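The chain contents come next:
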Amino acid sequence: MRDTPPLSADEVDHFAATGWVARRGLFSAAEAAEISRWTDELVALPEVAGQHMVYYEDSLTDPTTRVMQRIEDFCPWHAGFDALVRGGRLLAAVEQLFAAPAVLFKEKINFKKPGGAGFEPHQDQQAGWSRYAPLFVTALVGIDRATIANGCLEMADAPRATGMIGAEWTPLTADQMATFALVPVPTEPGDVLFFDSYAPHASKPNLTDAQRRILYLTYNAAWDGDHRRQYYDDKRASFPPDIERSPGTTYRFRV
Ligand SMILES: O=C(O)CCC(=O)C(=O)O
Ligand SMILES: [Fe+2]
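Every value quoted in this text rests on a predicted model; they were computed, and no experiment measured them.

J.: So what exactly am I meant to see when it comes to the site of ligand 1 here?
T.: By nearness alone, every residue bordering ligand 1 is listed as Lys108, Asn110, Lys112, Phe119, His122, Asp124, Leu153, His201, Ser203, Arg212 and Tyr216. Taking Tyr216, its side chain carries an N or O atom lying 2.6 Å from an oxygen atom of ligand 1. Across the complex, the protein chains shield 94% of the 290 Å² of accessible surface that ligand 1 would expose by itself. Secondary-structure elements contributing two or more residues to the shell around ligand 1 are β4 (102-110), β5 (119-122) and β10 (201-203). In the shell around ligand 1, the residues fall into three nonpolar, four polar and four charged.

J.: Can you help me understand the packing of aromatic side chains in this one?
T.: Any aromatic ring pair is given by two values, namely how distant the centres are and how the planes are angled relative to each other. As enumerated under the stated definition, the model contains ten aromatic pairs in all. Ring geometry for Phe105 and Trp129: centres 5.4 Å apart, planes at 70°, overall edge-to-face. On the criterion of sequence distance, the pair formed by Phe105 in strand β4 and Trp129 in the loop between β5 and β6 (136-142) is long-range, its members being 24 residues apart. Trp129 carries the same exposure label as Phe105, and that label is buried. Ring centres 4.6 Å apart and planes at 50° place the aromatic pair Phe105 and Tyr231 in the tilted group.

J.: Would you take a moment to explain the coordination of the iron ion (ligand 2) for this structure?
T.: Ideal donor angles around a metal are set by the shape: a four-donor tetrahedron calls for 109.5 degrees, a six-donor octahedron for 90 or 180 degrees. With distances of 2.1 Å, the protein atoms coordinating the iron ion (ligand 2) are His122 (NE2), Asp124 (OD) and His201 (NE2). Read N to C, the donor residues that coordinate the iron ion (ligand 2) are spaced as H-x1-D-x76-H. Each member of the pair His122 and Asp124 is classed as buried.

J.: Just checking my understanding: could you explain the sheet that holds strand β2 (residues 53-58) for this structure?
T.: What links the strands of a sheet is backbone hydrogen bonding, and the strands pair in either a parallel or an antiparallel sense. The seven strands lie next to each other as β1-β9-β6-β11-β4-β3-β2, forming an open sheet whose pairing is antiparallel. The sheet terminates laterally at β1 (20-23) and β2, the two strands that pair on one side only. Averaged over neighbouring strand pairs, the angle between their axes works out to 20° when direction is ignored. The sheet contact formed by β6 and strand β11 (residues 214-221) spans seven bridges and is antiparallel. Among the inter-strand pairings, Phe136 is bridged to a residue of β11, identified as Asn220. Against the sheet, helix α2 (residues 29-44) contacts β3 (66-72), β4, β6 and β11, and its axis sits at roughly 110° relative to β3.

Calculation criteria
- Residues numbered from 1 in each chain as written.
- Chains lettered and ligands numbered in written order.
- Predicted model: local features only at pLDDT ≥ 70, side-chain atom pairs only at ≥ 80, totals over all residues.
- Heavy atoms only, no water.
- Near = heavy atom within 4 Å.
- Polar contact = N/O pair within 3.5 Å; in protein donor to acceptor, adjacent residues only side chain to side chain.
- Areas by Shrake-Rupley, 256 points an atom, 1.4 Å probe, with all protein chains shown as cover.
- Helix = DSSP H or I, 4+ residues; strand = E, 2+ residues; numbered from the N terminus.
- Nonpolar A, V, L, I, M, F, W, Y, C, P; charged D, E, K, R; others polar.
- Phe/Tyr/Trp six-rings, centres within 6.5 Å; stacked < 30°, edge-to-face > 60°.
- Buried < 20%, exposed > 50% of the residue type's maximum accessible area, 1.4 Å probe, protein only.
- Donors = N, O, S within 2.8 Å, 3.2 Å for Na, K, Ca; no water.
- Pairing = 2+ DSSP bridges.
- Axes fitted to C-alpha atoms, helices over the stretch in contact; angles between N-to-C directions.
- Contact = heavy atoms within 4.5 Å.

Everything listed here is a matter of coordinates, which is why it stays silent on function.
What follows is the structure, given as structure tokens:
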């Protein structure tokens, strides 16, 4: 017998209507604890140029310090994450949403440490993704509880956007957001929020005293090709992780 699909027909319909859907408890508390432990392992890995990409940001609460903002391109360096991301329930759910086979485009963990910044309203597709594929689906996996106070995601309360509302590399303007509101979508460890690359979203800074870690796994339909390595090669060239930066050059995060 085939496994039951991870998403119900109602959940698939919600995604089709809005571009996003929150699937509560896709992973058990024990599985979420394991993902949390794997995240600690990634943080403990020595930083080496050319390997997993670790980015830092200036703290909002203590401007004299830099705090870990995110880690990307880590699947090649962690077998547990690699297996989680490329198979099982996550891939099966994403394939339900594409109604087609899918491949991994990118993986990252946003740490949003105490003092970590929020994100201006944007569509992920605005980050230059159209040169790789016309549509992506991201699975946001809660590692820590994400709340309004620590900067959970806020999603557009609107019919699904099927194209770019804003320009590449700039946040959405008030005019571009005039027809919809953003609603907070708090998540518990093990919850998964699926959203496509045109779904407008934002988040607030974390002004609490605990970190808010979220795993983001982004996929595209297999028929649009496997662009993961090229994407990270391009990103290392244009916006390298801190350890790969040249002294005296300023690098700017855009969306
Ligand atoms: O982690 C967050 O609060 C939002 C992140 C986000 O939207 C992004 O990295 O594109
Ligand atoms: Fe985003």
